[in-house]
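# Architecture at a glance
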Amino acid sequence: METRSPRPFPVLPEGYSLSRVTGDEAVPLYRVLYAGVGQDYCWWMRRSMPDAELAGILHDPAVHFMVLRDGSGEPLGFYELDLRQGGDANLAYFGLLSQGMGRGLGRVLLDHAVARAFGAGSWRLRVNTCTLDHPHALPNYRRAGFELRYVVPESWDVPDEYVPQRLKRL
């Protein structure tokens, strides 16, 4: 995406909040959300990453770890926006826990990530997805204004403990 879509600035439904998480809470909360969102979609790279390396990413002022919470403060989803490459922003991770799905929150959360990237002066926002992600991922990205630019066949040697049961060979 090289220009923000003309949608109005996203407003969360009443009772929900979105905040940037930093400090000592960041790594453990990130791990819970990353595993919870990605467990069925073969997200593994950050799960196997040492805490110190993950902390180095999350504590970088140009990385925005944003957490969506319900009215009771329970986390429902997150995004990680990486602004370390100047104006070439990357939506590194994005998703909702199952209890946050089906409420229209994904669209608002994605619109917020887009607005935050371009509000920070980015000239481009990239996102990567794959055939193992949620089936609505690519359609949602396209609805938000992203354009398909590259399709790259990749093969990963994913450690067995991170492969969802539905993908394991019997």
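Residues numbered from 1 in each chain as written. Predicted model: local features only at pLDDT ≥ 70, side-chain atom pairs only at ≥ 80, totals over all residues. Heavy atoms only, no water.

You'll find the protein entered in an unreviewed UniProt entry as GNAT family N-acetyltransferase, with Gluconobacter potus given as the organism.

Attention now goes to the UniProt feature "domain: N-acetyltransferase" (unreviewed entry) in the protein. According to UniProt, the "domain: N-acetyltransferase" (unreviewed entry) feature falls on residues 28-169. Secondary structure content for residues 28-169 is 29% helix and 20% strand, and the end C-alpha separation is 31 Å. (UniProt positions renumbered as here; feature names shortened; annotations may be inferred. Helix = DSSP H or I, 4+ residues; strand = E, 2+ residues; numbered from the N terminus.)

Right, let's talk about the sheet that holds strand 3 (residues 75-82) for a bit. The strand order across the open sheet formed by five strands is 1-2-3-4-5, and the pairing between neighbours is mixed. In this open sheet, the two strands that pair with only one neighbour each are strand 1 (17-20) and strand 5 (124-127). Along the sheet, successive strands turn relative to each other by an average axial angle of 25°, direction set aside. Here helix 1 (residues 26-38) sits on the sheet and contacts strand 2 (63-69), strand 3 and strand 4 (88-96); the angle it forms with strand 3, its principal contact strand, is near 105°. Relative to strand 4, helix 3 (residues 105-119) is tilted by about 160°, and along the sheet it contacts strand 1, strand 2, strand 3, strand 4 and strand 5. (Pairing = 2+ DSSP bridges. Axes fitted to C-alpha atoms, helices over the stretch in contact; angles between N-to-C directions. Contact = heavy atoms within 4.5 Å.)

So, on to the packing of aromatic side chains. Enumeration over the complete set of coordinates arrives at 10 aromatic pairs. Aromatic side chains Y30 and Y34 sit 5.8 Å apart centroid to centroid with 20° between the ring planes, which places their arrangement in the stacked category. Linking Y30 with Y34, this pair stays in helix 1, spanning four residues, or about one helical turn. When its relative accessible area of 2% is taken as the criterion, Y34 is described as buried. Relative to F78, the ring of W43 has its centre 6.3 Å away and its plane inclined at 80°; by these criteria the two rings are edge-to-face. Taken as a pair, W43 in the loop between helix 1 and helix 2 (51-58) and F78 in strand 3 lie far apart in primary sequence, 35 residues in all. Each member of the pair, W43 as well as F78, carries the same accessibility label: buried. Within the aromatic cluster, the residues linked to one another by ring pairs are Y30, Y34, W43, F65, F78 and Y93. (Phe/Tyr/Trp six-rings, centres within 6.5 Å; stacked < 30°, edge-to-face > 60°. Buried < 20%, exposed > 50% of the residue type's maximum accessible area, 1.4 Å probe, protein only.)

Another point: the pairing of strand 2. Most of strand 2 sits out of view: seven of its seven residues are buried. Where burial is concerned, the two faces of strand 2 agree: the one with V63, F65, V67 and R69 and the one with H64, M66 and L68 are both buried. Bridge analysis of strand 1 against strand 2 gives four bridges, and the strand direction is antiparallel. Bridge pairing links R20 to M66 in strand 2. Pairing of strand 2 with strand 3 involves seven bridges; the strand directions are antiparallel. Within the sheet, the bridge partner assigned to M66 lies in strand 3 and is Y79.

Here D82 shows up in strand 3. A distance of 2.7 Å separates a polar atom in the side chain of D82 from a polar atom in the side chain of R84. Residues contacting D82, with those up to four places away along its chain left out, are A62, V63, D88, A89 and N90. (Polar contact = N/O pair within 3.5 Å; in protein donor to acceptor, adjacent residues only side chain to side chain.)

Right, let's talk about helix 1 for a bit. An ideal rise of 1.5 Å per residue puts 18 Å on 13 residues; helix 1 measures up with 17 Å between its terminal C-alpha atoms. Within the sequence span of helix 1, burial applies to A26, V27, L29, Y30, L33, Y34, V37 and G38. Summarising the axial view, the buried residues of helix 1 lie within an arc of 160°, below the 170-degree limit, and thus occupy one face. For helix 1, the secondary structure elements touched by its buried residues are helix 2, strand 2, strand 3 and strand 4. (Expected span 1.5 Å × (residues − 1). Arc of directions from axis to C-beta.)

On to helix 3, then. The terminal C-alpha atoms of helix 3 lie 20 Å apart, and with 15 residues this matches the ideal 21 Å at 1.5 Å per residue to within 8%. Taken across its 15 residues, helix 3 has 11 buried, putting it largely inside the fold. Among the residues of helix 3, L105, V108, L109, L110, D111, H112, A113, V114, A115, A117 and F118 are the ones counted as buried. In this structure, the buried side of helix 3 is in contact with strand 1, strand 2, strand 3, strand 4, strand 5 and helix 4 (137-143). Positive phi appears at G121, one or two residues downstream of helix 3, with a value of about 95°.

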